[in-house]
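Report on the structure
Okay, here's what each chain looks like letter by letter:
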Amino acid sequence: MKFEDYHISFEIKKNLAKLGFKKPTDIQFKSIPPVLKGEDVLAIAQTGTGKTAAFAIPVIDILHRRKNTRRNDGIKCLVMVPTRELAQQIAEVFDKLSRHTRVKSLCIFGGVEQDPQIKSLDGDVDVLITTPGRMFDLASQGFVDLNRVEILILDEADHMLDLGFITDIRDVKRKLPRKHQTLFYSATIDEKIKKLAYSLVENPIRIQISPKDPVSKNVNHSVAYIGMDDKRFFLERLVKENEESKILIFVRTKVRAERVFKAMERVGIKSLTIHGDKDQKDRFDVMSQFKKGEVKLLIATDISARGIDIPSVEYVVNYDLPEQSENYVHRVGRTGRGREKGFAVSFCSDEEKPILKEIEEYLGRPVTVMEIKKNDYHETLDFTEDADDNWKALIIDNENFLKNQKKPNKKKKK
Ligand code: AMP
């Protein structure tokens, strides 16, 4: 369906065309009809999904149709957002979409002088976009009249909750007329947000949009090209250089899990394994030790790790790349939970390059390559404390030694 086919005002359609918006995004497709009907909405959508226009289009349409004269009869829509940047961003969208309509919007926020804002509020403002603090200050001084508000929009509600605006939101809600429509948008959802949302909306239409990039923005994920037989040395180095971090390692099979466990044991690194051969009690003990941070390294297979929620995992290591691309997203999603930052690194051998390609196709973009210089690569092999494997370093040393020996000979022959 195109915007042309929507039952919205001609002026808005023209503005949309000017912006180059032809078809609604997913969130717009799902939000616009219920908002136009006056229903409450509870939407989980991140920035980048087109959520601003998802509420701006129907709100402007409702207000434009209703406002027959340019009479000043108070604020009809209140948009509350956590930050000044977001307020400005949203105000811009309202401005662009309401050109040539009878709808006027205003943006106010803290950190600047309030007098010019008070002056602007004298005009005939229909939509007020604001951060909670400044709005509350002005309302308590009598400069903002909320008696005519029909639509309340809370954007990035999860962020507002984190910033401690919850009391402000509840207080504002109390100042509004009893009958009003509430549109609640959040980028993430957890029990706290759900509780807040359901205390503010009534029989809402629920909408959930998966973001374009399925990997959370909190996760810095990259790939390093490492030979299959060298992976354990790189893991050893990563662990030893991040001793305080909780690290979750994914391998392809249970046999590989035990092998990595033994390789770590040989170099004095304590780890745990979780896979299909472990019974429930073992699994429970392992999870408990890892969650508490008693052991900081957990080696897991995909199936055994599904559905487990572990707080504060700093690193996810794809020791083997997952055969199913969607598991890549599940795996790296074990770090960077909520608002925490996380790192995920994939060890990709030559044989696994086709799998990496599939993963990148699934993600819709390439995974950043972590360049390892030749010297660093060899340094990592030297770094190992694995007595069994020091022969590797010895072979390389020996090769270098022979190369250096051969060169002068060749020259001499000339
Ligand atoms: P938002 O999630 O509201 O921050 O929007 C993300 C980006 O998508 C902004 O740059 C918008 O200009 C753009 N956008 C929103 N709706 C559409 C649409 N229907 N077609 C094309 N681009 C859009």
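Placed above this text is the structure.
Residues numbered from 1 in each chain as written. Predicted model: local features only at pLDDT ≥ 70, side-chain atom pairs only at ≥ 80, totals over all residues. Heavy atoms only, no water.

Looking now at the packing of helix 14 (residues 325-332) against helix 15 (residues 353-363). Where helix 14 meets helix 15, the axes come as close as 8 Å, and the angle between the chain directions of the two elements is 75 degrees. Judged by the angle between their axes, helix 14 and helix 15 are roughly perpendicular. Along the contact surface, helix 14 presents Ser325, Glu326, Tyr328 and Val329, while helix 15 presents Glu358, Ile359, Tyr362 and Leu363. Class assignment of the residues belonging to the contact of helix 14 with helix 15 gives a composition of five nonpolar, one polar and two charged. (Axes fitted to C-alpha atoms, helices over the stretch in contact; angles between N-to-C directions. Helix = DSSP H or I, 4+ residues; strand = E, 2+ residues; numbered from the N terminus. Parallel < 35°, antiparallel > 145°, perpendicular 65-115°, else oblique. Contact = heavy atoms within 4.5 Å. Nonpolar A, V, L, I, M, F, W, Y, C, P; charged D, E, K, R; others polar.)

Bringing helix 3 (residues 51-66) into the picture now. Here helix 3 contains 16 residues, and its C-alpha end-to-end distance of 23 Å stays within 8% of the 22 Å for a straight helix at 1.5 Å per residue. Of all 16 residues that make up helix 3, 14 are buried, and the element is covered over most of its length. (Expected span 1.5 Å × (residues − 1). Buried < 20%, exposed > 50% of the residue type's maximum accessible area, 1.4 Å probe, protein only.)

Taken as a whole and judged by the stated rule, the model has six aromatic pairs. Summarising the aromatic geometry, the rings of phenylalanine 3 and tyrosine 6 are spaced 5.7 Å apart at their centres and angled 50 degrees between planes, so their arrangement reads as tilted. This pair shows no difference in class: phenylalanine 3 is buried, exactly as tyrosine 6 is. Seen from their ring centres, tyrosine 315 and phenylalanine 343 are 5.5 Å apart, and the 25 degrees between their planes marks the pair as stacked. In this pair, tyrosine 315 sits in strand 12 (residues 315-318) while phenylalanine 343 sits in strand 13 (residues 342-348), placing the two residues 28 residues apart along the sequence. The class for phenylalanine 343 is partly exposed, based on a relative accessible area of 39%. (Phe/Tyr/Trp six-rings, centres within 6.5 Å; stacked < 30°, edge-to-face > 60°.)

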